[in-house]
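As a plain string of letters, each chain reads:
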Amino acid sequence: MLRHQHFLWFLSMWGYSLCCPSSCTCSNRRVYCNNPQQMFDSIPTDIPSNTLYLHFDNQLLRNLSSLNCNQLPDLQDLYLESNQIEVINDSDFLGCSSLNRLIIRNNLLTEIRNGTFNGLTSLQGLYLSNNKISEIETGAFMNLAGLNNLYLDHNLMTEMTNRTFVGMTGNLRTLSLSFNELSHLEDGAFLRISGLNNLYLSNNKISEIETGAFMNLAGLNNLYLDHNLMTEMTNRTFVGMTGNLRSL
């Protein structure tokens, strides 16, 4: 018993906790702070330090200044769905090098700035659907070399260029841009993410696709363009693609 108490004291001295915060529930290294009877406007400081999965949905967060990944070294999945997050600062995710999935769906983000995802060197899935994003700065996804899935659907994006994905490698497999305000796809739009398997562009306002827009997408299996404003497509629309496409 004495040894156990000494261990807990040692953890507390270094800012670590193994106790479950009040009004949250904890089980199998998964923490749920989504009690509608107890709304949080900041992330508690006493989240157990061995947490793998943190669910912080349907709360009142407006920013992520209260997130301290240095005290959550094992955190793999962070769920922040249905908060009121308006901005992410370039230091918010520093120390989050173990994070695999980041879910910020249904918030109030309006832009993704360069440096927003600093520190997320292990990220594989980024889910930003159902925000109000209208602008993505060049380099916003810089250094997300391991990203496999990027969901930006149900936002307010009006344009996307080949500079949007500067710094990304060919590891991205799924990109969802459905339900935005895109009207035009330029030549080489997806050159920097040539490993795509699934590309969702449905329910936009696309009326023009430049020759070469899909250049170098040799592994693309599924391309969704339904519910747009195109009146015609020619054999030049898909220049640069190979015969791997299964559904259009």
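Remember, it's a predicted structure, so these values are computed and weren't measured experimentally. (Residues numbered from 1 in each chain as written. Predicted model: local features only at pLDDT ≥ 70, side-chain atom pairs only at ≥ 80, totals over all residues. Heavy atoms only, no water.)

Digging into the nonpolar core
Counting 61 residues, the largest nonpolar core has F93, L102, F190 and L201 as its most contacted members. When near neighbours in sequence (up to four residues on either side) are disregarded, F93 contacts L64, L67, L78, I88, L102, I104, T116, F117, N118, G119 and L120. (Core = buried A, V, L, I, M, F, W, Y, C linked by side-chain atoms within 4.5 Å. Buried < 20%, exposed > 50% of the residue type's maximum accessible area, 1.4 Å probe, protein only. Contact = heavy atoms within 4.5 Å.)

Considerations on the environment of I43
Within the element layout of this structure, I43 appears in the loop between β2 (30–32) and β3 (53–55). In this structure, the C-alpha to C-alpha distance between I43 and L60, residues 17 residues apart in sequence, is 9.9 Å. With residues up to four places along the chain from it excluded, the contact list for I43 reads L54, F56, L61, S66 and L67. (Helix = DSSP H or I, 4+ residues; strand = E, 2+ residues; numbered from the N terminus.)

What to know about the confidence of the model for the protein chain
On average, residues of the protein chain carry a pLDDT of 88, and 88% of them reach 70 or more. Taken together, the stretch residues 4–16 has pLDDT below 50 and engages in 9 contacts with residues farther than four places along the chain or on a different chain. (pLDDT = per-residue confidence, 0-100.)

Focus on the packing of aromatic side chains
In this structure the tally under the stated criterion is 7 aromatic pairs. Ring plane angle 5 degrees and centroid distance 6.0 Å describe the contact between F190 and F214, whose orientation is recorded as stacked. Highlighted residues: F190 in the loop between β11 (184–185) and β12 (198–200) and F214 in the loop between β13 (208–209) and β14 (222–224), separated in sequence by 24 residues. Like F214, F190 is buried. An aromatic cluster is present here, built from F93, F117, F141 and F165 joined pairwise through their rings. Of note, R30 hangs over the ring of Y53, and the distance from its end group to the ring centre comes to 4.1 Å. (Phe/Tyr/Trp six-rings, centres within 6.5 Å; stacked < 30°, edge-to-face > 60°. Lys NZ or Arg CZ within 6 Å of the ring centre and 35° of its normal.)

Considerations on the layout of surface pockets
In this model, the largest pocket occupies a volume close to 200 Å³. Tallied by class, the residues present in the lining of the largest pocket amount to 3 nonpolar, 5 polar and 3 charged. (1 Å grid on protein atoms, 1.4 Å probe; cavity = no way out; pocket = protein on both sides within 12 Å on 5 of 7 lines; lining within 4 Å. Points joined across faces, edges and corners; volume = space filled by probe spheres on them. Nonpolar A, V, L, I, M, F, W, Y, C, P; charged D, E, K, R; others polar.)

Observations concerning unusual backbone geometry
For S23, which is not glycine, the phi torsion reads 75 degrees and is therefore positive. Phi at N28 is positive, roughly 50 degrees, even though this residue is not glycine. With respect to the helices and strands, the residue N28 is situated in the loop between β1 (25–27) and β2.

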